[in-house]
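Below, each chain spelled out in residue letters.
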Amino acid sequence: MTALSPLLRQATPVVAERGEGPYLFGADGRRYLDFTAGIGVTSTGHCHPKVVAAAQEQVGKLIHGQYTTVMHEPLRQLVAALGEVLPPKLDSLFFMNSGSEAVEAALRLARMGTGRPNVIVCQGGFHGRTVAAASMTTSGTRFRAGFAPLMAGVHVTPFPTAFRYGWDEETATRFALKEFDYLLQTQTAPNDTAAVIVEPVLGEGGYIPANTAFMQGLRERADRHGFLLVLDEVQTGVGRTGRFWGHDHFGVEPDILITAKGIASGFPISGIAASEALMRKAWPGSQGGTYGANAVACAAAVATLEVVREEKLVHNAEQMGQRLRAGLESVAADHPTIGDVRGLGLMLGSEFVDADGEPDGKTALRVQQAAVGEGLLLLLCGAANNVVRMIPALVVDENVIDEGLRAWRAAVEAGTS
Ligand code: PMP
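Residues numbered from 1 in each chain as written. Predicted model: local features only at pLDDT ≥ 70, side-chain atom pairs only at ≥ 80, totals over all residues.

1. Focus: the overall build of the protein
Consideration 1: Looking only at helices and strands, the protein has 13 helices and 17 strands in total.
Consideration 2: Taken against the 2.2 N^0.38 rule, which gives 22 Å for 417 residues, the C-alpha radius of gyration of the protein at 21 Å falls within 12% of a compact globule.
Consideration 3: Taking the principal axes of the C-alpha coordinates as reference, the protein spans close to 60 × 55 × 50 Å.
Consideration 4: Relative to its 417 residues, the protein shows a buried fraction of 52%.
Consideration 5: Look at the contacts in the protein between residues 6 or more apart in sequence, and 73% of them connect residues 24 or more apart. (Helix = DSSP H or I, 4+ residues; strand = E, 2+ residues; numbered from the N terminus. Rg over C-alpha atoms; globule rule 2.2 N^0.38 Å. Buried ≥ 20, exposed ≤ 12 C-beta atoms within 10 Å, placed from the backbone. Contact = placed C-beta atoms within 7 Å.)

2. Digging into the nonpolar core
Consideration 1: Within the largest apolar cluster, 126 residues are counted, with the highest numbers of intra-cluster contacts made by Ala106, Val230, Ile272, Ala300 and Ala301.
Consideration 2: Sorting elements by how many residues they give to this core places helix 10 (residues 295-310) first, with 12 residues.
Consideration 3: Here Ala301 is in contact with Leu78, Ile263, Ala264, Phe267 and Ile269, once residues within four sequence places are set aside. (Core = buried A, V, L, I, M, F, W, Y, C linked by C-beta atoms within 7 Å.)

3. Notes on the site of the ligand
Consideration 1: Inspection of the region around the ligand gives 15 residues, with Ser98, Gly99, Ser100, Gly128 and Val234 positioned closest.
Consideration 2: Looking at which element gives the most residues to the shell around the ligand, the answer is helix 4 (residues 99-114), with 3 residues.
Consideration 3: Split by residue class, the shell around the ligand holds 5 nonpolar, 7 polar and 3 charged. (Near = placed C-beta within 6 Å. Nonpolar A, V, L, I, M, F, W, Y, C, P; charged D, E, K, R; others polar.)

4. Structural notes on the environment of Gly242
Consideration 1: With respect to the element layout, Gly242 can be found in the loop between strand 10 (228-232) and strand 11 (256-259).
Consideration 2: By C-beta crowding, Gly242 is classed as buried, having 23 other C-beta atoms within 10 Å.
Consideration 3: Spatially, the C-alpha atoms of Gly242 and Gln319 are 7.7 Å apart, while their sequence positions differ by 77 residues.
Consideration 4: If we ignore the near neighbours within four places in the chain, the residues touching Gly242 are Val314, Ala317, Glu318, Gly321, Leu344 and Gly345.

5. Some words on the sheet that holds strand 13 (residues 338-344)
Consideration 1: Reading across the sheet, the 4 strands line up as 13-14-17-16 and stay open at both edges, with antiparallel pairing between neighbours. Only two strands of the sheet have a single partner each, and these edge strands are strand 13 and strand 16 (379-381). Averaged over all pairs of adjacent strands, the angle between their axes in this sheet comes to 30 degrees, without regard to strand direction.
Consideration 2: Pairing between strand 13 and strand 14 (residues 347-352): 6 bridges, direction antiparallel. Pairing of Leu344 across the sheet is with Met347, part of strand 14.
Consideration 3: Sheet strands in contact with helix 12 (residues 361-373) are strand 14, strand 16 and strand 17 (387-390), and its direction is about 35 degrees off that of strand 17. (Pairing = 2+ DSSP bridges. Axes fitted to C-alpha atoms, helices over the stretch in contact; angles between N-to-C directions.)

6. A closer look at unusual backbone geometry
Consideration 1: A cis geometry characterises the amide bond from Ala148 onward to Pro149, with omega recorded as 0 degrees.
Consideration 2: Look at Cys47: it is not a glycine, yet its phi comes out positive at around 55 degrees.
Consideration 3: Structurally, Cys47 can be placed in the loop between helix 1 (37-40) and helix 2 (49-61).
Consideration 4: Of note, Ala293 is a non-glycine position whose phi angle comes to about 55 degrees, a positive value.
Consideration 5: Positionally, Ala293 belongs in the loop between helix 9 (276-279) and helix 10.
Consideration 6: Overall, the presence of 27 C-beta atoms within 10 Å leaves Ala293 in the buried class.

7. Some points on the packing of helix 11 (residues 313-334) against helix 13 (residues 398-416)
Consideration 1: Between helix 11 and helix 13, the shortest axis-to-axis distance is 10 Å and the interhelical angle comes to 20 degrees. Comparing their axes, helix 13 and helix 11 come out roughly parallel. Where helix 11 crosses over helix 13, the two elements pack in a sense that is right-handed. Contacts between helix 11 and helix 13 involve Met320, Arg323, Leu324, Gly327 and Val331 from the first element and Glu398, Ile401, Leu405, Trp408, Arg409 and Val412 from the second.
Consideration 2: In terms of residue class, the contact of helix 11 with helix 13 is built from 7 nonpolar, 1 polar and 3 charged. (Parallel < 35°, antiparallel > 145°, perpendicular 65-115°, else oblique. Left-handed = near helix turned anticlockwise from the far one by under 90°.)

8. Points about the sheet that holds strand 15 (residues 376-377)
Consideration 1: Pairing in this open sheet of 4 strands is mixed, and the strands run 1-2-3-15 from one edge to the other. Looking along the sheet, the strands with just one partner apiece sit at the ends: strand 1 (16-20) and strand 15.
Consideration 2: In this structure, strand 2 (residues 23-26) lies alongside strand 3 (residues 31-34), joined through 3 bridges in antiparallel fashion. Residue pairing across strands places Phe25 opposite Arg31, the latter belonging to strand 3.

9. Re the confidence of the model for the protein
Consideration 1: On average, residues of the protein score 98 in pLDDT, and 100% of them are at 70 or above.
Consideration 2: Considering each helix and strand of the protein separately, the mean pLDDT is smallest for helix 6 (residues 162-165), with a value of 94, and largest for strand 11, with 99.
Consideration 3: Model confidence for the complex: the whole-complex pTM is 0.98, and ipTM, which rates the interface, is 0.99. (pLDDT = per-residue confidence, 0-100.)

10. With respect to the pairing of strand 13
Consideration 1: For strand 13, the tally of buried residues reaches 5 of 7 residues, placing the bulk of the element in the interior.
Consideration 2: Joining the antiparallel neighbours strand 13 and strand 14 is a turn of 2 residues, in which Gly345 adopts a positive phi near 55 degrees.

Structural data, given as structure tokens:
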């Protein structure tokens, strides 16, 4: 009898039958508050009526308008809609299906655009599971182990992680930028460096926001040395952090922006955005794929962007994020095993530590599992899997946040007693 491979690891035992807004309904008859949102994907909630209607209408018209063969209307509309939200200089777009593919596309564009081979990544960064993306991923050895040899030409620089060292943010940032300069002197010369790629908030690496000095420091170094700043906004984009893009917090703009996840409410589509001048340095036909810019996914993305605008979801993420954060801090104040609460907007993490302040993945796992019993779905992140993250749909209101916080308090109590 065939079965799903045991290599799949599922974070909860829930069998999902139906989704609606911030909730999933299980085959066990229970309603679960979904603070995973399909790993930050269902930005407009599960099955938002407008996204459903747009997708259904498109399914009846054209499902697969293969984009290296023909142009289609939903793709044209998506390009126009993204023009409303992207920095004006990122006026040239290309699409694929997943975050990993978009990371690879950005890497290829950076190498072709600069004629340089190497790439600098931040330690703790997650960029995906395909070979190049896994080579650039340092959020946990579990994403690399058994996969060697990985791609050459990747150099790793520190990300400011103040909490780990008990530093203040300024010290962590000064350290990270000094190490970056040292890396350019000792491992990859500027002339060999195509790009530095970074997430505005380390995602899988532990929900650690960057800061303005760090991001501006990277921007300034990229400009000075002629390499590109690539921002992986796969998890931080489309309102997740309480601004439309994560980089909006830091006053820097990338040369290449990578988007996926929340852009289409669950339909698989990803993209890269850059200036037309940069895109022209890649030859026509150098990127593509059978399913890229799928017509139904494009229609869902256009509807998603409309819902984000009409329902003011970016603002809502900021407001609800503040409420969620205040609640998480209040739980942490009563439980010293939660050493840090951090994040931006509706991308928040609670870090579990032991009595010595060391990462405590066991307690985080117990709490995450207890939360399922409380009807709250959560995921872990961080190298030691000791950070419990919350990434609810951006449509949550006060009642949903408070319901989540009640379940969270109960789960923390159950998991730590
Ligand atoms: N980059 C970031 C920042 C991500 O969070 C992820 C997925 N968690 C990826 C890339 C990879 O995306 P995908 O799983 O769609 O390949």
